[in-house]
Amino acid sequence: MHPHSDLNTADVDSHTLKGWLHDGSEIALLDVREHGQYGESHLFYAAPVPYSRLEADIVRLAPRRGVRVVVYDEGGTDDTAARAAHALRGLGYPQVYRLAGGIAQWLRDGYAAFAGVNVPSKTFGELAEEVFHTPRIGARELAERQRRGDDLIVLDGRPFAEYQKMSIPGGICCPNGELALRAHTLAKDPATTIVVNCAGRTRSIIGAQTLINLGVPNPVYALENGTQGWYLEDFKLDHGAQRRYVDSVAPEDLPALVQRSANLAERHDVPRVDARQVQHWLDDANRSTFLCDVRSAEEFAQGSLPGAQHTPGGQLIQATDQYLAVRGARIVVFDAEGVRAPVVASWLRQMGWDASVLQEGVAAALNVTAASVDVPTVPVLDDTALAAASAQGAQLVDIRASMRYRAQHIAGAQWSIRPRFADLALDPAQPVVLLADEQAVAAWAAADLRALGVRDVKVNLGSPAGWSAAGLALQATPDEPADRDCIDYLFFVHDRHDGNKAAARQYLAWETNLVKQIDERERAAYRFPAQ
């Protein structure tokens, strides 16, 4: 039996939950299964908060302890939600419910489930294209115009690391959140055509429409189906490209850019709030307020506001559920110059969020105590000590990502993931060393092993290079763990990035079909301007 599985949890049925999701009060709906399970099928508004990472991520995603929380799992014999609810109550969340019967019962009760990730954001992108009639250009036409030497520029709306994996030849990295501030420096001539692309569809559409909404004089298009559309037409992609926007913006350009963004924000009823108002919100125990720094990673690294998380603008729109899990929460976005944040807020409001712009930006004086949890203590071994422990018979359990284990792991180490610890073949009397990437994730996993009766648990946070240098033999097992056990990995999303055309086609069909799957209440939650 799993630890904590016998504990009572207040249950909520599917029909009540459906009502809660649309009653206007705050709710954090958490899918506590692992990422691969979540990506195969989940509730529309569910945030992915896998049990293996629950305590490490929850205070970032749902910082207000009094928030209404609903957790769910597969249903049937799966007790992950019961364990998650117990863990959350232990962290001081008193209002936790479990969806009775899990996702299986939700489906039996006639409600829809959705494949993929960032579903509310991607559905929004598809609806935005319908509402605004965002102009688009196909891969063949773009390639022909590039071949002719037409006056055009391709701007890639994804973060730099994602852009480097694969990009359109000649494309320049300018993430969507930076477009309002930097597009004019990249396309100086108003006659230059601007094409915005991403990997698939959403960020191409939102990026292109951002420039159109701002009123740039250039012709603007979204590249239909992004890099995948390019690849499906058998055109070559660049890998490892280094082209990116220039950091500096001429000071004399700023007043006009600020005014342009302010006009856009006004059209979308984006409130501008001062630090005093935001401080009042942050002190309010009855409502969640998220402070979101939408600047670049480099700027955030130089310093930000206390309690703020880094949410680069384009990604906050594209993957909102990776930054906040509380439906109905307040979002306060800020930058340093007043150009980027109003644009991001204009989109968030159309997505249905209560979003405002912090007037003073990064210079605001705020007093914030960041929400935190006490991480259990666990002894950490360096690679040399790990090699010694292994030589003395310690049992090695690798809890890194399943694909990293397949690629390279210590010979003899078992792969496992926290919800499946009860299935491990371990001698509880012998020492166990967890091989992990993050200390907090490992510490909570170690606590679960102790609850299962393992007395001596330690952690190593090393890498294959370090293990090898310490004299430990490594091995690769491309088929182990078996696909069915890799519950942390979503094959259908990843395969499209690995040169699999069928997966790419399946992905694009999924994305364009999202709009047909939502119900009237989900559709009504988006707030597009009257056309």
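Residues numbered from 1 in each chain as written. Predicted model: local features only at pLDDT ≥ 70, side-chain atom pairs only at ≥ 80, totals over all residues. Heavy atoms only, no water.

- Looking at an unreviewed UniProt entry, the chain carries the name Thiosulfate sulfurtransferase GlpE, with the source organism given as Achromobacter deleyi.

## Describing the side chain of Thr477
Piece 1. Mapped onto the elements, Thr477 comes out in the loop between strand 23 (474–475) and helix 21 (491–495).
Piece 2. On the basis of relative accessibility, which here comes to 13%, the residue Thr477 falls in the buried class.
Piece 3. At 2.9 Å, the side chain of Thr477 forms a polar contact with the backbone oxygen of Glu480.
Piece 4. When residues no more than four places from it in sequence are discounted, the contact partners of Thr477 are Tyr405, Arg406 and His409. (Helix = DSSP H or I, 4+ residues; strand = E, 2+ residues; numbered from the N terminus. Buried < 20%, exposed > 50% of the residue type's maximum accessible area, 1.4 Å probe, protein only. Polar contact = N/O pair within 3.5 Å; in protein donor to acceptor, adjacent residues only side chain to side chain. Contact = heavy atoms within 4.5 Å.)

## Description of the pattern of salt bridges
Between side chains of opposite charge, a pair can form when the charged atoms approach closely.
Piece 1. Under the defined criterion, the tally for this structure stands at 40 salt bridges.
Piece 2. Between Glu126 and Arg201 there is a salt bridge; the shortest N-O distance is 2.7 Å. Here Glu126, found in helix 6 (residues 119–132), pairs with Arg201, found in the loop between strand 9 (193–197) and helix 10 (202–214); they are 75 residues apart in sequence, far enough to count as distant.
Piece 3. Take Arg201: its relative accessible area is 5%, and that puts it in the buried class.
Piece 4. Through salt bridges with shared partners, a single network forms among Glu26, Arg64, Arg287, Arg349 and Asp354. (Salt bridge = Lys/Arg side-chain N within 4 Å of Asp/Glu carboxyl O.)

## A short note on the environment of Ala411
Piece 1. Within the secondary structure, Ala411 is located in the loop between strand 19 (409–410) and strand 20 (414–415).
Piece 2. Look at Ala411 and you get partly exposed, because its relative accessible area is 37%.
Piece 3. Expressed as a C-alpha distance, the spacing of Ala411 and Thr477, which sit 66 residues apart in the sequence, is 9.9 Å.
Piece 4. Not counting chain neighbours up to four residues away, the residues in contact with Ala411 comprise Ala473, Leu474 and Gln475.

## Re the sheet that holds strand 6 (residues 136–137)
Piece 1. Spatial ordering of the open sheet is given by 6-10-9-7-8, a layout of five strands whose pairing is parallel. The open sheet terminates on both sides in strands that have one partner only, identified here as strand 6 and strand 8 (172–173).
Piece 2. Looking at chain direction, strand 6 and strand 10 (residues 220–223) are connected through two bridges and run parallel. Along strand 10, the bridge assignment pairs Ile137 with Leu223.
Piece 3. Seen against the sheet, helix 10 touches strand 9 and strand 10 and runs at an angle of roughly 175° to strand 10. (Pairing = 2+ DSSP bridges. Axes fitted to C-alpha atoms, helices over the stretch in contact; angles between N-to-C directions.)

## Things to note about the domain arrangement of the chain
Piece 1. One can read the domain layout of the chain as domain 1 (10–117), domain 2 (123–254), domain 3 (269–363) and domain 4 (380–485).
Piece 2. Computed over C-alpha atoms only, the centres of domain 1 and domain 3 are separated by 25 Å.
Piece 3. Across the interface of domain 1 and domain 3, roughly 1300 Å² is buried in total on both sides, 50% from carbon and sulfur atoms.
Piece 4. For domain 1, the biggest contributors to the area lost against domain 3 are Glu26, Leu61 and Arg64; these three give 41% of the whole.
Piece 5. Put simply, domain 1 and domain 3 have one salt bridge between them.
Piece 6. Our enumeration of links across domain 1 and domain 3 arrives at nine residue pairs in polar contact (both at pLDDT 80 or more).
Piece 7. Residue assignment for the side of domain 1 that touches domain 3 shows that the elements contributing at least two residues are strand 2 (27–31), strand 3 (47–48) and helix 3 (54–61).
Piece 8. Of the residues forming the side of domain 1 that touches domain 3, the biggest block, four residues, is contributed by strand 2.
Piece 9. Residue composition of the side of domain 1 that touches domain 3, grouped by class: 14 nonpolar, two polar and three charged. (Domains from an automatic or database assignment. Buried area = accessible area lost by both parts, 1.4 Å probe. Nonpolar A, V, L, I, M, F, W, Y, C, P; charged D, E, K, R; others polar.)

## Considering the sheet that holds strand 16 (residues 354–358)
Piece 1. Overall, parallel pairing links the five strands, which are arranged 11-16-15-12-13 in an open sheet. Strands with a single pairing partner mark the edges of an open sheet, and in this sheet they are strand 11 (272–273) and strand 13 (309–310).
Piece 2. The pairing of strand 12 (residues 289–293) with strand 13 spans two bridges and is parallel. For Cys292, the partnering residue across the bridge sits in strand 13 and is Gln309.
Piece 3. Sheet contacts for helix 16 (residues 340–350): strand 15 (330–334) and strand 16; angle to strand 16, the most-contacted strand, approximately 170°.

## Some thoughts on helix 12 (residues 254–267)
Piece 1. The end-to-end C-alpha distance of helix 12, which contains 14 residues, comes to 20 Å, matching closely the 20 Å that a straight helix rising 1.5 Å per residue would cover.
Piece 2. Every buried residue of helix 12 is listed here: Leu257, Ser261, Leu264 and Ala265. Here the buried residues of helix 12 occupy an arc of 100° about the axis, which is enough to place them on one side. When the buried face of helix 12 is taken as reference, the exposed residues oriented beyond 90 degrees from it are Pro255, Ala256, Glu266 and Arg267.
Piece 3. Elements that come into contact with the buried residues of helix 12 comprise helix 9 (179–186), helix 10 and helix 16.
Piece 4. Downstream of helix 12 by one or two residues, Asp269 has phi in the positive range, about 55°. (Expected span 1.5 Å × (residues − 1). Arc of directions from axis to C-beta.)

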